[in-house]
Structure formats: structure tokens, C-alpha cells
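Descriptive structure summary
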Amino acid sequence: MSVQTRRPRPHYDVVVRGGGTAGAIAGIAAARTGAKTLLIEQYGNLGGVLTLGMSLKGVHDVEGRKALGGIGAELIESARAEDGATAVASHPRHGSIMGQDGEAMKLKLIAMTRAAGLDLLLHTFLVDAALEGTAIRHVRVAHKGGLESISASCFVDCTGDADLAARAGATFIHGREGVRIAACLNAIKVPALRLAELIGQFLFTRRTIAQIDKPPPINPSQRQLRPCHDQLELCYG
Ligand SMILES: Cc1cc2nc3c(=O)[nH]c(=O)nc-3n(C[C@H](O)[C@H](O)[C@H](O)COP(=O)(O)OP(=O)(O)OC[C@H]3O[C@@H](n4cnc5c(N)ncnc54)[C@H](O)[C@@H]3O)c2cc1C
């Protein structure tokens, strides 16, 4: 029986863990300086939260000034040139709002990483990190090929959850004081305080949403609260 041997991987100048919004762009930036760069992502595409297909806010500030530059702006402009993003409309609270096509973002990011010449390792999850003193020397990852050690002079943690920092033994906190979830994905405008109260009620009493039987009376300014009950049910039910 023949055994397929993996091509030995080189020592990298930079390894970026997590190919989301931050990691993909950090990887492209590093590779463009000429650093031998590897980008490792657990899923089969790049872009993270940016590719969920929701609106993107804050490209301009509330005074209409450009707030996003560099590779992020380059990405959006090149996606827009191919109908992958809408024009930027001004928004009183967020400065601006823009629609983007998540699939276009994924394709653009892959094309940009290719053009920058960085190596990509998709479908690959972090297992462990080995330190020399306080510096990470190599990481162990898992993928279809099994377990692999990858060494680099510099590691960048863009996992969104500080997975690499945690594996390297850094101290961390989970969530914020009193808040146990990062976000509720819904497109319904709800007064933020009210939503937080509702989520808190759900988390701390451990009752189901259906058992939060008495939704507070809806006054005109909270008209959109009721649909949020349904949304919460979808998120956590
Ligand atoms: C619902 C929602 C709406 C938002 N809207 C806006 C907005 O309009 N404007 C704005 O500026 N910001 C917005 N943000 C915030 C913005 O999306 C985030 O700040 C940004 O995406 C963070 O980027 P990131 O790369 O750190 O994380 P992510 O985009 O989450 O990327 C993390 C990546 O790391 C990968 N990963 C995680 N763990 C591992 C592991 N162990 N091994 C390998 N890979 C791993 C993940 O698969 C993912 O691809 C929004 C956030 C949310 C949740």
C-alpha cells in the first residue's frame, strides 16, 4: 500500500490564524510586504462576519468622511465594480450603510490573497501552540491530512475569539461582565436597552422565550419589540 507523503511546509515569516474580516486583510497586508505568509482558516472560505451578507455600516463617518481605507476599501471598491456591493448611503447613526454580496466578498478575498502570493490553508483548525519562553514557536493544526506542526517567526491571532492566545496560555475573559452572548442576529430595529433586558431575562432566568409570557406593554416607541420575540426564538430556541 502506498503512503502519500505531505510536501514539507516551509518556515513562515508570518502565520495568521483566522481568515475573517481582520485575518484575511492582515494576511494580504503581510504578504504584500514580501513576508512569507500563511493564512489558516477553519472554514472553506475567507471573510468571516463580512460574508454573512448583511449590511455594512461605518464605511463613512457621520460627517460623510471616508472612514474605511487601505485593503478594506480596495476590497469593497473592487466588489462594487462587479456589482458585489451597493453604493454607500449616509445614515444618521452609523455614518453610512451599504449592502454587500457575501459570495462576492469571498471570491474577491480569495483573488486578493492569490494576487498577494500568500499561502492558504482552509478547513484547518488550531489544536495547540508550542512556546519557547513567552514566544509562540509553532502551532499544531488539524485538517484532512491529519495533524501538522507549522513554524513561523510571527503569529497573528485573528480568530475573533483569541483561540491562539488562549492556547498559548494567555489569560482571557469570556464575554463581558453580565453578557454571555456576542450578538443577536436580527434585522429588526429594537431599542438596544430593551433588547439587552430581554436577552438578560432569558439568560439569567433560563426560561424559554415562550415562558417570558408577559411581554412588556408596547408603547409606540417600542413598536418593533414584538417581532424580536420571534427572532430570539429563532436564535436560541
Ligand atoms: C451581526 C454583526 C453585524 C456587524 N456589522 C458591522 C458593520 O456593519 N460594520 C462594521 O464595521 N462592523 C460590523 N460588525 C463587526 C465586525 O463584523 C467585526 O468586528 C469583524 O468581523 C471582526 O473581524 P474578525 O476577523 O476579528 O472576526 P470574524 O470576522 O468573526 O473572523 C474570525 C475568523 O476566524 C476563524 N476562526 C475562528 N476560530 C478559529 C480557529 N480556532 N482556527 C481557524 N480559524 C478560526 C473563523 O472561522 C472566522 O473566519 C458586525 C458584527 C456582527 C456580529
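Everything below is about the structure shown above.
Residues numbered from 1 in each chain as written. Predicted model: local features only at pLDDT ≥ 70, side-chain atom pairs only at ≥ 80, totals over all residues. Heavy atoms only, no water.

Here's the deal with the site of the ligand
- Near the ligand lie 23 residues; those nearest to it are Ala-22, Glu-41, Gln-42, Lys-57 and Asp-163.
- The contact in question runs from a nitrogen atom of the ligand to an N or O atom on the side chain of Arg-17, over 2.9 Å.
- Between the ligand and Val-49, the relevant distance is 3.0 Å, taken from an oxygen atom to a main-chain nitrogen or oxygen of the residue.
- Isolated, the ligand exposes 1,000 Å² of accessible area, and the fraction of that covered by the protein chains is 69%.
- Where the shell around the ligand is concerned, the elements lending two or more residues are α1 (21-32), β3 (55-57) and β7 (125-132). (Near = heavy atom within 4 Å. Polar contact = N/O pair within 3.5 Å; in protein donor to acceptor, adjacent residues only side chain to side chain. Areas by Shrake-Rupley, 256 points an atom, 1.4 Å probe, with all protein chains shown as cover. Helix = DSSP H or I, 4+ residues; strand = E, 2+ residues; numbered from the N terminus.)

Some remarks on the pairing of strand β1 (residues 12-17)
- Extensive coverage of β1 is indicated by the burial of 5 of its 6 residues.
- Alignment of β1 against strand β9 (residues 146-157), held across 5 bridges, turns out to be parallel. Among the inter-strand pairings, Arg-17 is bridged to a residue of β9, identified as Asp-157.
- Relative to strand β2 (residues 37-40), β1 runs parallel, the two sharing 4 bridges. When the sheet's bridge partners are listed, Arg-17 is paired in β2 with Ile-40.
- Between the parallel pair β1 and β2, the chain is carried across by α1, and the sense of this crossover is right-handed. (Buried < 20%, exposed > 50% of the residue type's maximum accessible area, 1.4 Å probe, protein only. Pairing = 2+ DSSP bridges. Right-handed = clockwise from strand over helix to strand, strands pointing away.)

Regarding unusual backbone geometry
- Not every positive phi belongs to a glycine, and His-123 is a case in point at roughly 50°.
- Position of His-123 relative to the elements: it lies in the loop between β6 (119-121) and β7.

Structural notes on the sheet that holds strand β5 (residues 95-99)
- Spatial strand order, β3-β5-β4: 3 strands in an open sheet with antiparallel pairing. The two strands at the open ends of the sheet, each matched to only one other strand, are β3 and β4 (89-91). The average angle at which neighbouring strand axes cross in this sheet is 35°, direction not considered.
- Here 3 bridges tie β3 to β5, and the two strands are oriented antiparallel to one another. Each residue of the ladder has a partner; that of Lys-57, found in β5, is Ile-97. (Axes fitted to C-alpha atoms, helices over the stretch in contact; angles between N-to-C directions.)

Focus on the side chain of Gln-100
- Considering the arrangement of structural elements, one finds Gln-100 in the loop between β5 and α3 (102-116).
- Here the side chain of Gln-100 touches Leu-50 through a polar contact of 3.0 Å, landing on its backbone oxygen.
- A distance of 3.4 Å separates a polar atom in the side chain of Gln-100 from the backbone nitrogen of Leu-56.
- Other than its neighbours up to four places away in sequence, Gln-100 contacts Leu-50, Gly-53, Met-54, Ser-55, Leu-56, Gly-84, Ala-85 and Met-105. (Contact = heavy atoms within 4.5 Å.)

Structural notes on the nonpolar core
- Among the nonpolar cores identified, the biggest contains 24 residues, and Ile-28, Leu-39, Leu-46, Leu-75, Met-105, Leu-109 and Leu-118 are the most heavily contacted of them.
- Among the elements of the structure, β1, α1, α2 (70-80) and α3 are those that each provide at least two residues to this core.
- Beyond its immediate sequence surroundings of up to four residues, Ile-28 is in contact with Ile-71, Leu-109, Met-112, Thr-113, Ala-116 and Leu-118.
- Counting 14 residues, the second-largest nonpolar core is a separate cluster that includes Val-15, Ala-129, Val-139 and Phe-155. (Core = buried A, V, L, I, M, F, W, Y, C linked by side-chain atoms within 4.5 Å.)

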